[in-house]
Amino acid sequence: MATFFGEVLSAYSRAVEEEDDDDDLDENDEDEQIRRELEEKREVHLHWSPEVSESLKSGNKLQCSDFILAVGHNAARFLSVYVLASANWRAVGHASVWNERSRAVTGQTSEESACVFYRHTDNPSVLICQATCYIAEDQLFQWTEKVFDCLQHRELNVTVLSDSSMADYKTADYLCTSSAPFLRSLHTGTFSGQPVCQSLEQPNIITGLSAAVLNHCQVHRIATVVYQCYSDIIGPDSVTMETYKPALTKLGKSIQLASSPSTDVLRKFVKTTDIQSNLYI
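Residues numbered from 1 in each chain as written. Predicted model: local features only at pLDDT ≥ 70, side-chain atom pairs only at ≥ 80, totals over all residues. Heavy atoms only, no water.

Defined as follows: UniProt positions are given in the numbering used here, feature names are shortened, and annotations may be inferred rather than shown by experiment.
As named in an unreviewed UniProt entry, the protein is Proteasome assembly chaperone 1, taken from Seriola dumerili. UniProt, in the comment section headed Sequence similarities (unreviewed entry), describes the protein in these words: "Belongs to the PSMG1 family."

And the structure:
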């Protein structure tokens, strides 16, 4: 196509451009739908027992004086061996989480879940949660908000037991590694008790679910202490599990710790591996 001055312009079809615009709109709609479906799939869901569900639907919060959260396999199995092994606890709910490392299954029961809530039968105000599944960064706020929205906050005390690798601990004293496993603590401003160990030194930080819970409780002025156990052993072991014992002895009558768990209980929850020698025979 030529202009009055003889300039040549490329001819175009309006129909083609309109078709391209329609294709872009279709792709945007499709991307938006995929994004919405992915967000729905990554949503954290809480599943409570019928008794608890009815109470929550009526607008009542769970009357909870002590909430104990175990994050990681050693922390969770410590509770299994020293606390939950007694017959005074029952599962009252679980959380289902789907992400790149955790796969929630529809119809999953509390026994099959990696995030289970237990309630003391004689003292229902004590609630325990074992979380051994991975919770992604975009799900931490969801999990924390939904769980604490179910609990009454008045006179609530939260204790978090958390696993961490010795490789993540930063110190100028290299001899410190010989004392592993050991505990370090962080607490909210409203926590009035005395931690059973020294505070976590800078520049060390806590991350993941433990950090999300601590931040939430700091904002909402809930008395909370996090005990982080640094261990140089990969996987559950009895020595690392016992390191958590002082953290719960401070709770007094709220939690009864088994003084010496049976061998059968330890064998059930502690993973043992064969030690292989690299010497030739």
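### Some details on the side chain of His 120
Operational definition: Helix and strand assignments follow DSSP, with helices taken as H or I runs no shorter than four residues and strands as E runs no shorter than two, numbered in order from the N terminus. Whenever a nitrogen or oxygen atom comes within 3.5 Å of another N or O atom, the pair is scored as a polar contact, on the condition that within protein one atom can donate a hydrogen and the other can accept it, and that pairs from neighbouring residues in sequence are kept only if both atoms are in side chains.
As for its position among the elements, His 120 is in strand S4 (residues 115-120). Among the polar contacts listed, one links the side chain of His 120 to the backbone nitrogen of Asn 123, at a separation of 3.1 Å.

### A word on the packing of helix H4 (residues 137-149) against helix H5 (residues 208-219)
The criterion, for reference: Helix axes are fitted only over the stretch in contact, all axes being lines through C-alpha atoms; the angle between N-to-C directions runs from 0 to 180 degrees. For classification purposes, an angle smaller than 35 degrees is called roughly parallel, one larger than 145 roughly antiparallel, one from 65 to 115 roughly perpendicular, and anything else oblique. For a crossing to be left-handed, the near helix must be turned anticlockwise from the far one by less than a right angle; the clockwise case is right-handed. Contacts are assigned to residue pairs that have any heavy atoms within 4.5 Å of one another.
Close contact between H4 and H5 brings their axes to 9 Å; oriented N to C, the two are set at 50 degrees. In terms of orientation, H4 and H5 fall into the oblique class. As for how H4 packs across H5, the hand of that crossing is right-handed. Across the interface between the two elements, Leu 140, Trp 143, Thr 144, Glu 145 and Phe 148 from H4 touch Gly 208, Leu 209, Ala 212, Val 213, His 216 and Cys 217 from H5.

### A look at helix H3 (residues 73-82)
So the rule is basically this: Buried residues are those whose accessible area, probed at 1.4 Å on protein chains only, stays under 20% of the maximum for their type, while exposed residues exceed 50% and partly exposed ones sit between those limits.
Taking burial as the measure, the 10 residues of H3 include eight buried ones, the bulk of the element. Residues of H3 that are buried include every one of Asn 74, Ala 75, Ala 76, Phe 78, Leu 79, Ser 80, Val 81 and Tyr 82, and no others.

### A few points about the packing of aromatic side chains
Threshold: Centres within 6.5 Å make a pair out of two Phe, Tyr or Trp rings, where for Trp the six-membered ring is used; the pair is then stacked when the planes are under 30 degrees apart, edge-to-face when over 60, and tilted otherwise. Distance and angle both matter: a charge sits over a ring if NZ of Lys or CZ of Arg is within 6 Å of the ring centre and within 35 degrees of the ring normal.
Scanning the entire structure with this criterion turns up eight aromatic pairs. In this structure an aromatic cluster arises from ring pairing among Trp 48, Phe 117 and Trp 143. Its end group placed over the ring of Tyr 134, Arg 101 keeps NZ or CZ at 4.0 Å from the ring centre.

### Notes on unusual backbone geometry
Each neighbour pair has its own omega, and for Ala 180 with Pro 181 the value is 0 degrees, a cis peptide bond. One can find Pro 181 in the loop between strand S6 (157-165) and strand S7 (182-187). The linkage connecting Gln 202 with the following residue, Pro 203, adopts the cis geometry, with an omega of 5 degrees. Within the fold, Pro 203 resides in the loop between S7 and H5. Despite not being glycine, Glu 155 shows a phi value in the positive range, around 60 degrees.

### Quick look at the nonpolar core
What counts here: For this analysis, a nonpolar core means a set of buried residues of the types Ala, Val, Leu, Ile, Met, Phe, Trp, Tyr and Cys, connected via side-chain atoms within 4.5 Å.
The biggest cluster of nonpolar side chains holds 41 residues, and the ones touching the most others in it are Phe 67, Leu 69, Phe 117 and Trp 143. If you list the elements that add at least two residues to this core, you get strand S2 (66-71), strand S3 (89-96), S4, strand S5 (126-131), H4, S6, H5 and strand S8 (223-231). Those residues within four positions of Leu 69 in sequence are excluded, and the remaining contacts are Cys 129, Ala 131, Trp 143, Thr 159, Val 160, Leu 161, Leu 209 and Val 213. Residues Ala 76, Val 83, Tyr 118 and Ala 247 belong to the second largest nonpolar core, which totals 28 residues.

### Quick look at the sheet that holds S2
Keep this limit in mind: Paired strands, in this sense, are two strands between which DSSP finds at least two bridges.
Taken together, eight strands build an open sheet; the order of strands is S1-S3-S4-S5-S2-S6-S8-S7 and the sheet is mixed. Among the strands making up the open sheet, the edge pair consists of strand S1 (45-48) and S7. Taken pair by pair, the neighbouring strands of this sheet meet at an average axis angle of 20 degrees, ignoring direction. Where S2 lies against S5, six bridges are found, and the strand directions are parallel. When the sheet's bridge partners are listed, Asp 66 is paired in S5 with Val 126. Sheet strands touched by helix H2 (residues 50-57): S1, S3 and S4. Its angle to S1, the strand with the most contacts, is close to 115 degrees. Here H5 sits on the sheet in contact with S2, S5, S6, S7 and S8, set at roughly 150 degrees to S6.

### What to know about the layout of surface pockets
Over the atoms, a rolling probe the size of a water molecule traces out where space has been left empty. Under the convention used in this document: Any residue with an atom within 4 Å of a point lines the site, the site being either a cavity, points on a 1 Å grid over the protein atoms alone where a 1.4 Å probe fits but cannot get out, or a pocket, an open set with protein on both sides within 12 Å along at least 5 of 7 lines. Grid points are joined across faces, edges and corners, and a volume is the space filled by probe spheres set on the points. Amino acids are sorted into nonpolar (Ala, Val, Leu, Ile, Met, Phe, Trp, Tyr, Cys and Pro), charged (Asp, Glu, Lys and Arg) and polar (every other residue, Gly among them).
Estimates place the volume of the largest pocket at around 920 Å³. Lining the largest pocket are 39 residues, and of these Val 71, Gly 72, Ser 162, Asp 163 and Ser 164 lie nearest its centre. Of all the secondary-structure elements, those providing two or more residues to the lining of the largest pocket are H3, H4, S6, H5 and S8. Across the lining of the largest pocket, the residue classes tally to 17 nonpolar, 16 polar and six charged.

### Points about the environment of Lys 41
On the secondary structure map, Lys 41 appears in helix H1 (residues 14-41). Taking the C-alpha atoms as reference points, Lys 41 and Trp 98, 57 residues apart in sequence, are found 6.6 Å from one another.

### Observations regarding H5
Worth spelling out the cut-off: Given a helix with a known number of residues, its expected span is that number minus one, times 1.5 Å.
Counted at 1.5 Å a residue, the expected span for H5 with its 12 residues is 16 Å, and the 17 Å between its end C-alpha atoms agrees. Among the residues of H5, Leu 209, Ser 210, Ala 211, Ala 212, Val 213, Leu 214, His 216 and Cys 217 are the ones counted as buried. Positioned one or two residues after H5, Arg 221 has a phi angle of 55 degrees, which is positive.

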